Amino acid sequence: RDASGHVRYYLGFKVEVVAVEPSIQVVFYDWENKAINPQNPATIDLAAPSIDPPSRGHTTIGASGEVQLHDEGALFVAVDSFATDFSYLEGPKVPFGGGSGGDRVTSRRPSAGAGSFASVTVTAEPPAVVISDERNDWLDAVRNTITVPTKPMHDEASAQAAMMSWLTESPDRDEIELISHASDRHVLAVGTWRLTSGAFGNPPPGFEAALRGKTLRIVGCATARGGYARDALCYLRQRFGLKVYGTRGLIGTPDLVSTGTDPAQRSSDFVPPRCPATNLVSAENADASEYVIKEADFERGGRRAPFDSSEHELVFGGLPDATWNKLRAASALLLKRSYFAYPGLLQLPSARENYEVGGPHAGTLRAEALFGGQVLRLVRNAPSIGRREYLFLLSEPSEQAQFKVAFDFHYE
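Predicted model only: the values in this text are computed from it and were never measured.

Caption draft 1: Local environment of the sheet that holds strand β12 (residues 181-182). The strand order across the open sheet formed by three strands is β12-β13-β14, and the pairing between neighbours is antiparallel. What marks the edges here is a single partner per strand, and that holds for β12 and β14 (193-194).

Caption draft 2: Layout of the packing of aromatic side chains. In this structure the tally under the stated criterion is 15 aromatic pairs. With a centroid separation of 5.1 Å and an interplanar angle of 85°, the aromatic rings of F307 and F392 are classed as edge-to-face. Of this pair, F307 sits in the loop between β20 (304-306) and α8 (309-316) while F392 sits in strand β25 (residues 386-393), placing them 85 residues apart in sequence. Here the two residues F307 and F392 agree in accessibility, since each one is buried. Among the aromatic side chains, those forming a connected cluster through ring pairs are W193, F200, F207, Y235 and F240. The ring of Y228 carries R185 above its face, with NZ or CZ at 4.2 Å from the centroid.

Caption draft 3: Structural context of the pairing of β25. Pairing analysis gives eight bridges linking strand β24 (residues 375-382) to β25, with the strands arranged antiparallel. Bridge pairing in β25 places L378 opposite Y390. Hairpin connection between β24 and β25: a loop of three residues separates the two successive antiparallel strands.

Caption draft 4: Representation of helix α4 (residues 227-240). With 14 residues, α4 ought to run about 20 Å at 1.5 Å a step, and its terminal C-alpha atoms sit 20 Å apart, in line with that. Of all 14 residues in α4, 10 are buried; the element is thus mostly enclosed. Taken residue by residue, α4 has G227, Y228, A229, R230, A232, L233, C234, Y235, L236 and F240 as its buried positions. Following α4 by one or two positions, G241 has its phi on the positive side, about 65°.

Caption draft 5: Summary view of the pattern of salt bridges. Enumeration according to the criterion identifies 21 salt bridges in this entry. One salt bridge connects R304 with E299, and the closest N-O pair in it is separated by 2.6 Å. Its relative accessible area of 39% is what places E299 among the partly exposed residues. The salt bridge involving E389 is made with R387; its shortest N-O contact spans 2.6 Å. Under the relative-accessibility criterion, E389 is labelled buried at 15%. Owing to a relative accessible area of 34%, R387 belongs among the partly exposed residues under this scheme. Where salt bridges share partners, they join E175, E177, R217 and R266 into one cluster.

Caption draft 6: Spotlight on helix α9 (residues 321-332). In this model, α9 (12 residues) spans 16 Å end to end at C-alpha, consistent with the 16 Å of a helix rising 1.5 Å per residue. Taken together, the buried positions of α9 are occupied by T323, L327, A330 and S331. Angular distribution of buried residues about the axis of α9 spans 90°; they occupy a single face of the element. Set apart from the buried face of α9 by more than 90 degrees, the exposed residues are D321, A322 and N325. Elements in contact with the buried residues of α9: α8, β22 (349-357) and α10 (397-406).

Caption draft 7: Broad picture of the pairing of strand β15 (residues 215-219). Where burial is concerned, most of β15 is hidden: five out of the five residues are buried. Burial along β15 is two-sided: T215, R217 and V219 facing one way and L216 and I218 facing the other are all buried. Across five bridges, strand β11 (residues 175-179) lies against β15 in parallel orientation. When the bridges of β15 are listed, E175 appears paired with T215. Two strands pair when backbone bridges link them, and β15 and strand β16 (residues 243-247) are joined in this way by three bridges, in the parallel orientation. Directly across from L216, in β16, lies its bridge partner V244. Chirality of the crossover, the property in question, places the unit of β15, α4 and β16 among those that are right-handed.

Each value, and the rule that gives it
Residues numbered from 1 in each chain as written. Predicted model: local features only at pLDDT ≥ 70, side-chain atom pairs only at ≥ 80, totals over all residues. Heavy atoms only, no water. Pairing = 2+ DSSP bridges. Helix = DSSP H or I, 4+ residues; strand = E, 2+ residues; numbered from the N terminus. Phe/Tyr/Trp six-rings, centres within 6.5 Å; stacked < 30°, edge-to-face > 60°. Buried < 20%, exposed > 50% of the residue type's maximum accessible area, 1.4 Å probe, protein only. Lys NZ or Arg CZ within 6 Å of the ring centre and 35° of its normal. Expected span 1.5 Å × (residues − 1). Salt bridge = Lys/Arg side-chain N within 4 Å of Asp/Glu carboxyl O. Arc of directions from axis to C-beta. Contact = heavy atoms within 4.5 Å. Right-handed = clockwise from strand over helix to strand, strands pointing away.

This is the structure:
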């Protein structure tokens, strides 16, 4: 524990000094003695304060008072929690013991006023992010969350061009994230294009070589679920030599940070495909009922509240009589049930209907079925109340059928 009582965690690494001027830079090694960050060395900063307790922030680098080029030693890096991916060490400087950066200089003695402890900043670049340029509330929320530069896509050609642009501008970026809504077949949907097996079949020169060995994340709801999604991921892995991942379930802005997907959640949110796909059930037979949504899936997104009579009146009050008569019985099933919020939910609706609403909160009501009717989404818009969104989980097939008839949903 530090002086304020907070628990600190430390990871131990073997490091090598690869530069001493203008500042000391080190490369980390993994358990197989392979360099982790040879293209992005970590930089020592002596201006950082000491850590508490100092014995936990020890390094043998510079133990003699002088740091030599190609010195090797042990280094304990302080982190807030453990994660499997090295990029988690980005961000706030984390303290450790050591010296500071001295024409090509081969050694450097710490300056007289320097403290005995320093910090390290890992400068690994964030993922190359490509986002659908479709304008809607959910993708707008995603674009507002991710604040690093991104590139847009609206079809297969623009997605391929955006990826190639990133690979040309930043060849050292090891990770690419394609972000859009997913379809009911759990494949990424960008405009009218679907990222299915055979995508990017006519790549430009250098595209395949630039992709090989990179990590590609397909960011939409449940993009690792179902036969069609599995076939697409397996194809991308085999065709381009990618390390490719899809999502286990729901994903939206609660699962994102300013640089893209949350590094601390990647091991739980993303999974690789089971390949070769040819050894498994066909996509047509595997796709149905591949993803059954549970309450726990929605609870990750944040707010859960009862749909009480005041909310019911706000949503359904002011509908024309003919519309209300159709929806009355189904809407009664929602009273006192829990509704959920999942901002930026990256899933296309299976069907939707729009209604005009009058009265004191005149505006619109949009009703959507998601995941083949497993989820009902109601979006109420009015100048007097703004935009309100409600997600209801419909677990029983009989309920799904009743809402399908009431709202006149027609699925593909």
